[in-house]
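Here is what each chain is made of, one letter per residue.
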Amino acid sequence: QVQLAESGGGLVQAGGSLRLSCAASEGTFTLYNMAWFRQAPGKEREFVAEIDWSGRNIDYADSAKGRFTISRGNAKSPVYLQMNTLKPEDTAIYYCAATTNWGRQTTLYPYWGQGTQVTVSS
């Protein structure tokens, strides 16, 4: 019954910024750990960042560290991803996901959004 929906993607030039949001409907993810993943065409889904329910425990992929910031929101929008200094290799569909576990594996996440496209041009 619970559902996640990403927004904020778009086309941006290299070096630009985007802020992704994740909206929750028909449920709440306040007490869930949240994460962002991304998937480029022909590639496996890749971990980007994770934040626990308290907002105090955070994990970033090396590709995101220093450029991206994950943060907690509220019940209606439980997680955000601020992406700065974007690179063409960041181009992918970005997904938010929720779990009661902690880790980088996609199999740990039972709840997913439909994804939002991020395209970074050079």
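Please read these numbers as outputs of a predicted model, since none were measured by experiment.

When its secondary structure is counted, the protein chain shows 0 helices and 11 strands. Relative to the globule expectation of 14 Å for 122 residues, the C-alpha radius of gyration of the protein chain, 13 Å, shows essentially globular dimensions. Projected onto its principal axes, the C-alpha positions of the protein chain cover 40 × 25 × 25 Å. By the burial criterion, 42% of the 122 residues in the protein chain qualify as buried. In the protein chain, the proportion of contacts linking residues at least 24 apart, taken out of those at least 6 apart, comes to 58%. Split by element, the accessible area of the protein chain, about 6,400 Å² in all, is 47% carbon and sulfur. The average position of the 11 basic charges and that of the 10 acidic charges among the side chains of the protein chain differ by 4 Å.

With that settled, consider the sheet that holds strand β1 (residues 3-7). Read across the sheet, 4 strands follow the order β1-β3-β8-β7 without closing on themselves; strand pairing throughout is antiparallel. At either margin of the open sheet sits one strand with a lone partner, and together these are β1 and β7 (68-72). Each strand axis lies, on average, 15 degrees off the axis of its neighbour in the sheet, ignoring direction. The pairing of strand β3 (residues 18-25) with strand β8 (residues 79-83) spans 5 bridges and is antiparallel. The residue of β8 that forms the bridge with L18 is M83.

Any pair of aromatic rings gets described here by the distance separating the centres and the angle formed by the planes. Under the defined criterion, the tally for this structure stands at 8 aromatic pairs. Ring centres of F29 and Y111 lie 5.5 Å apart, and the angle between their planes is 70 degrees; on these two criteria the pair is classed as edge-to-face. Of this pair, F29 sits in the loop between β3 and β4 (33-39) while Y111 sits in strand β10 (residues 111-112), placing them 82 residues apart in sequence. Relative accessible area serves as the criterion here: at 0%, F29 is assigned to the buried category. Measuring from ring centre to ring centre gives 5.1 Å for F37 and Y109, while their planes differ by 75 degrees; the resulting arrangement is edge-to-face. Of the two residues, F37 is situated in strand β4 and Y109 in the loop between β9 (92-99) and β10; the sequence distance between them amounts to 72 residues. Owing to a relative accessible area of 0%, F37 belongs among the buried residues under this scheme. With a relative accessible area of 3%, Y109 lands in the buried category. Every member of this aromatic cluster is reached through a ring pair, and the members are F37, F47, Y95, Y109 and W112.

Summed over the entire model, instances satisfying the criterion amount to 5 salt bridges. Between D62 and K65 there is a salt bridge, with the nearest N and O atoms lying 3.6 Å from each other. Like D62, the residue K65 is exposed in the burial classification. Here R67 ties to D90 by a salt bridge, and the two come within 2.8 Å at their closest N and O atoms. Note that R67 is positioned in the loop between β6 (58-60) and β7 and D90 in the loop between β8 and β9, a separation of 23 residues in sequence. Connected through salt bridges with shared partners, the residues R38, E46, R67 and D90 form a single ionic network.

For the rest of this paragraph, the subject is the side chain of E6. Within the secondary structure, E6 is located in strand β1. Buried charge without a salt bridge: E6, with R45 as the nearest opposite-charge side chain at an N-O distance of 7.3 Å. Among the polar contacts listed, one links the side chain of E6 to the backbone nitrogen of C96, at a separation of 2.8 Å. A polar atom in the side chain of E6 sits 3.1 Å from the backbone nitrogen of Q114. Not counting residues up to four positions away in its chain, the partners in contact with E6 are S21, C22, W36, Y94, Y95, C96, G113, Q114, G115 and T116.

Calculation notes
Residues numbered from 1 in each chain as written. Predicted model: local features only at pLDDT ≥ 70, side-chain atom pairs only at ≥ 80, totals over all residues. Heavy atoms only, no water. Helix = DSSP H or I, 4+ residues; strand = E, 2+ residues; numbered from the N terminus. Rg over C-alpha atoms; globule rule 2.2 N^0.38 Å. Buried < 20%, exposed > 50% of the residue type's maximum accessible area, 1.4 Å probe, protein only. Contact = heavy atoms within 4.5 Å. Areas by Shrake-Rupley, 256 points an atom, 1.4 Å probe, with all protein chains shown as cover. Lys, Arg positive; Asp, Glu negative; His and termini not counted. Charge placed at Lys NZ, Arg CZ, Asp CG, Glu CD. Pairing = 2+ DSSP bridges. Axes fitted to C-alpha atoms, helices over the stretch in contact; angles between N-to-C directions. Phe/Tyr/Trp six-rings, centres within 6.5 Å; stacked < 30°, edge-to-face > 60°. Salt bridge = Lys/Arg side-chain N within 4 Å of Asp/Glu carboxyl O. Polar contact = N/O pair within 3.5 Å; in protein donor to acceptor, adjacent residues only side chain to side chain.

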